[in-house]
Amino acid sequence: MLEYILRRCGLALSVGFTISLVAFLLLNFATDPAVTMAGEEATTEEIERLRALYGFDRPLYLQYYNWLVSFFRGDFGESVHWRLPVAELVARHFPVTLLLAGMSLTVTILVAIPLGVLAAMNPNTLIDRIALSIAVAAQAIPNFWLGMMAILLLAVTWPIFPVSGNNTIWHFILPAFVLGLSSVPAIMRLTRTGLLEVMGTDYIRAARAKGYRGGALLFRHAMRNALLPVVSVLAVQFGEKLGGAIVTETVFAINGIGRLAVQSVLIGDVPVVQSLLFLFAMFFVFANLLADLLNAWLDPRIRLA
Amino acid sequence: MNEQTNASQPTAEIENLTVSLPVPGGTLEAVKGLSLSLSPRETLGIVGESGSGKSMTALALMGLLPPGARVEADRMQVGGADILTMSDRQLSADIRGHKAAMIFQEPMTSLNPVYSIGRQLTEAMTMHGQRYDTARTRALELLHAVGLPDPEERFSQYPHQFSGGQRQRILIAMALMNSPGLLIADEPTTALDVTIQAQILDLLKEMREKLGIAVILITHDFGVLSHHADRVMVMLKGEVIETGRTEAVLRKPQHEYTRRLIDSLPKAHSRPPPPDGTALIEVEQVSQSYKFRRGLFSPIRTIEAVKDVSFTLSEGETLAFVGESGSGKSTLARMLLGLEAPKAGRIRLDGTDIASVPDKVRAHLLQPIFQDPYGSLNPRMSVSQIIRRPLDIHEIGTRAERAERTRAVMEQTGLSPRFFHAFPSQMSGGQRQRVAIARALILNPRIIVCDEPTSALDVSIQAQILTLLEGLRGRLNLTLLLITHDLGVVRQMADRVIVMQDGQVVEAGMTAELFAAPTQDYTRTLLASVSAL
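Residues numbered from 1 in each chain as written. Chains lettered and ligands numbered in written order. Predicted model: local features only at pLDDT ≥ 70, side-chain atom pairs only at ≥ 80, totals over all residues.

Caption draft 1: View of the pairing of strand E11 (residues 239-245) of chain B. All names here are of chain B. Note: strand E10 (residues 231-236) against E11, six bridges, orientation antiparallel. Across the sheet, the residue bridging to Arg231 is Arg245, located in E11. Hairpin connection between E10 and E11: a loop of two residues separates the two successive antiparallel strands, and Lys237 in this loop has a positive phi of roughly 45°. (Pairing = 2+ DSSP bridges. Helix = DSSP H or I, 4+ residues; strand = E, 2+ residues; numbered from the N terminus.)

Caption draft 2: Seen up close, the nonpolar core. Grouped together as the largest cluster of nonpolar side chains are 145 residues, with contacts concentrated most on Met102, Ala173 and Ile184 of chain B. A total of seven residues in this core trace back to one element, the largest contributor, which is helix H16 (residues 459-476) of chain B. Apart from the residues lying within four places of it in its own chain, the contact partners of Met102 of chain B are Ala209 of chain A together with Ala58, Met62, Ala175, Ile184 and Asp186 of chain B. In this structure, Ala119, Ala120, Ala131 and Ala261 of chain A belong to the second largest nonpolar core, which totals 65 residues. (Core = buried A, V, L, I, M, F, W, Y, C linked by C-beta atoms within 7 Å. Buried ≥ 20, exposed ≤ 12 C-beta atoms within 10 Å, placed from the backbone. Contact = placed C-beta atoms within 7 Å.)

Caption draft 3: Spotlight on the sheet that holds strand E21 (residues 504-510) of chain B. Residues and elements named next belong to chain B. Here we have six strands laid out as an open sheet, ordered E17-E18-E19-E14-E20-E21, and mixed in their pairing. Edge positions in the sheet fall to strand E17 (366-369) and E21, since each has one partner strand and no second. Across the sheet, the mean angle from the axis of one strand to that of its neighbour is 15°, orientation sign disregarded. Both strand E18 (residues 447-451) and strand E19 (residues 479-484) contribute to a ladder of five bridges, which runs parallel. (Axes fitted to C-alpha atoms, helices over the stretch in contact; angles between N-to-C directions.)

Caption draft 4: Expanded view of the interface of chain B and chain A. Contacts between the two partners involve 28 residues from chain B and, on the opposite side, 25 residues from chain A. When residues of the side of chain B that touches chain A are traced back to their parent elements, those giving at least two are helix H2 (88-95) and strand E7 (100-103) of chain B. If you tally residues by element for the side of chain B that touches chain A, the top one is H2 of chain B, at three residues. The residue makeup of the side of chain B that touches chain A, split by class, is 14 nonpolar, ten polar and four charged. (Nonpolar A, V, L, I, M, F, W, Y, C, P; charged D, E, K, R; others polar.)

Caption draft 5: Expanded view of the domain arrangement of chain B. All names here are of chain B. We note that the domain assignment places domain 1 (12-263), domain 2 (277-350 + 448-460 + 481-533) and domain 3 (376-445) within chain B. The gap between the C-alpha centroids of domain 2 and domain 3 is 28 Å. At the interface, four residues of domain 2 touch five residues of domain 3. (Domains from an automatic or database assignment.)

Caption draft 6: Region of interest: unusual backbone geometry. Even without being glycine, Arg83 of chain A reaches a positive phi, approximately 55°. With 7 C-beta atoms counted inside 10 Å, the residue Arg83 of chain A sits in the exposed group. Even without a glycine there, the phi angle at Asp350 of chain B is positive, about 50°. Classification of Asp350 of chain B as partly exposed rests on a count of 18 C-beta atoms within 10 Å.

Caption draft 7: Representation of the confidence of the model for chain B in the model. Residues and elements named next belong to chain B. A residue-level look at chain B finds 94% of positions with pLDDT of 70 or above and a mean pLDDT of 86. When the criterion is pLDDT under 50, residues 1-6 qualifies, and its contacts beyond four places in sequence or with other chains add up to ten contacts. The complex model carries a pTM of 0.71, and its ipTM stands at 0.78. (pLDDT = per-residue confidence, 0-100.)

Caption draft 8: Representation of the domain arrangement of chain A within the structure. Residue and element names in this part refer to chain A. Per the domain assignment, the segments making up chain A are domain 1 (2-72) and domain 2 (93-299). Taken over C-alpha atoms, the centre of domain 1 sits 32 Å from the centre of domain 2. In this complex, domain 1 contributes 15 residues to the contact, which on the side of domain 2 involves 13 residues. Counting residues per element, the side of domain 1 that touches domain 2 draws most heavily on helix H1 (residues 2-30), at twelve residues. Across the side of domain 1 that touches domain 2, the residue classes break down as eleven nonpolar, three polar and one charged.

Caption draft 9: Here's a closer look at helix H7 (residues 194-211) of chain B. All names here are of chain B. With 18 residues, H7 extends 26 Å between its outermost C-alpha atoms, agreeing within 8% with the 26 Å of an ideal straight helix rising 1.5 Å per residue. Along H7, the residues that are buried comprise Ile196, Gln197, Ala198, Ile200, Leu201, Leu204 and Met207. Structurally, H7 contributes buried residues whose contacts are with helix H6 (164-175), strand E8 (182-186), strand E9 (214-219) and helix H8 (222-228). Of the residues trailing H7, Gly212 is marked for its positive phi of about 65°. (Expected span 1.5 Å × (residues − 1).)

Caption draft 10: Representation of helix H11 (residues 329-336) of chain B. Residues and elements named next belong to chain B. Burial within H11 is extensive, with six of its eight residues counted as buried. Those residues of H11 not exposed but buried are Lys329, Thr331, Leu332, Ala333, Met335 and Leu336. Phi turns positive one or two residues past the end of H11, at Gly338, with a value near 75°.

In structure tokens, the structure reads:
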């Protein structure tokens, strides 16, 4: 097991390195960072001054090396626009996003898994059809539209929830629902097919012959097997929510890192964009690592292989 | 624990059972008017082919029929409890795993992969309110009894850490946890290697005698029943067509179908040895090994699948390779078919080194037939397209000529012309295997490599396919290379046998001589474990 964990961590680390290199190169090839930072009305001298100041005139490998070294020291550079260390900016915005992602993941789990179980227990019945219809509808509705409708109905027409911002936990409920619902279709279908498949296996038949039935059969024999693929996908979705809540954060004016990323791109704040790009990618790497470890914990065939 | 049934009362009794299943466009009577009675310590064998209703009868006794199935009977009791009037809840509390337990065909997949065997054994008792300690003691006791090595140490291990035979032992122990009066074994050895099969059947017998339980042994193999059942019941299309003491039925079968079943058990064949033909395949000291690693950073391991094997196959002869799974016989076949190159040694086809035989020439010389007629035919092509395909690839003949040749091989292989435009999904297993044979024959090859050609088929179908192959061999002067784990097939078909184990040749010789006087221990074990008549 320890060997497995170490191997997975090693793999995650090497993926992280690759991503950091790609992020770095992309940014340097796609733009001239000094020009972007100087803004539209800057003079040539101004651009050259910035180039020298931030070391953009040095060879690329040296720039990358310096960036990497300072990154591991916790120094992500300084934001041009906010005149603050990027680390401090991230530290300020990240908890907001983490809370939103956590809450929306909870919504996903609470809605999708019971729906999937219900559908699987009553395949090809009205219940199954209704569950599938909910999934299809949730998949078809774009996030921004659902967000705006939620604000219009539940914050403006009937002012139950606040319209926007992130001051209290109440502010997070609508966006968490909107973000959480977007993952419901995939997870619900995966739970349904996984469970249906497991219910048809020989070991479930054997468990029935042993005297298991109903809920006990479902929860004590089928669920763990059916959830193996669900856990992997959930972990990846969590990574996606940490990095990709851009639309939801913008619609609800939540000051998370998704919104920070959008603003930084618009004003050409290169150090912030570069760090966030790497960070978003690392969320995925981390989420995948988490999924691998969770699966190993759930499945002895992986743990003891 | 269960209340003991007194000796005069049968352990299980069924009178006039009818099971109907919903099928598209009506209902199917899977079991019709079946009656049986079983005393303690008695083994009843139910024999029949797939679809004969033998498994449905067992599932009815457990109350485990698929949803929608209708059960009607005058009487149906297990251990004194009337199953007909019980709800699903009562059945699960009192019958399943209690008065009646069941083991299934697939030991590899019948244990839940994510829970330890200890948990799966003990829960049979704890789920009914017994204490864990009691359950654990009982489980260890039974694991000892079924002959699992080191039960205490292996108690917390997971199913994937056990072999197929060991898993079937664990499943038998699991079935016996609550001391049931009746044990139903549905094809308990079909998925296991021959040597293991015999061990499991002996174990069932031992448990029956030790614990005084009644056993229903469901099988398609009369050979299994001859040694292990007191009485047999022969089923055909849902009906019991013959029943009686095992010896009596075997000696004097009353029904035509029973006679066919008994006759279709492969028997020794007496074919004159073929004249010494030219050597079509010469294999000299061939070895094959695979390198693999489990993950990116783990060390590379080597598996030697075939070690230093030599043999010659002469024109007109039938040579059989026998061995259990993992013995290297299929690897050998893949090398002969040119699907893999050997790591060492030489293979010559008709005098030429296999490496320098072009694919198209090799295809004319040698064609394969595979084990699984369900998997080896493209489901999206019609029968005629599948059979004709080699002619298309080799660009032989005009369209009309190809169709003509297709019809001819279909006739040779006993396929009715009405299948010409049919798809594999519309055919039975035996018919599909005929399509596979027809496809192999269409190029007029000189050698056919048959890799377990009948092991996916029912016995009476097996016999038909073997008879077909024998007939074709005579008419077309084919040379056969037969790969199988079924010694019955070998005895019926082969002139010569090569016994393999762990990639090496253990023993080789003429079939009759090798069966009569095996010189190696392994061959003796293999022969002894066959349930012959």
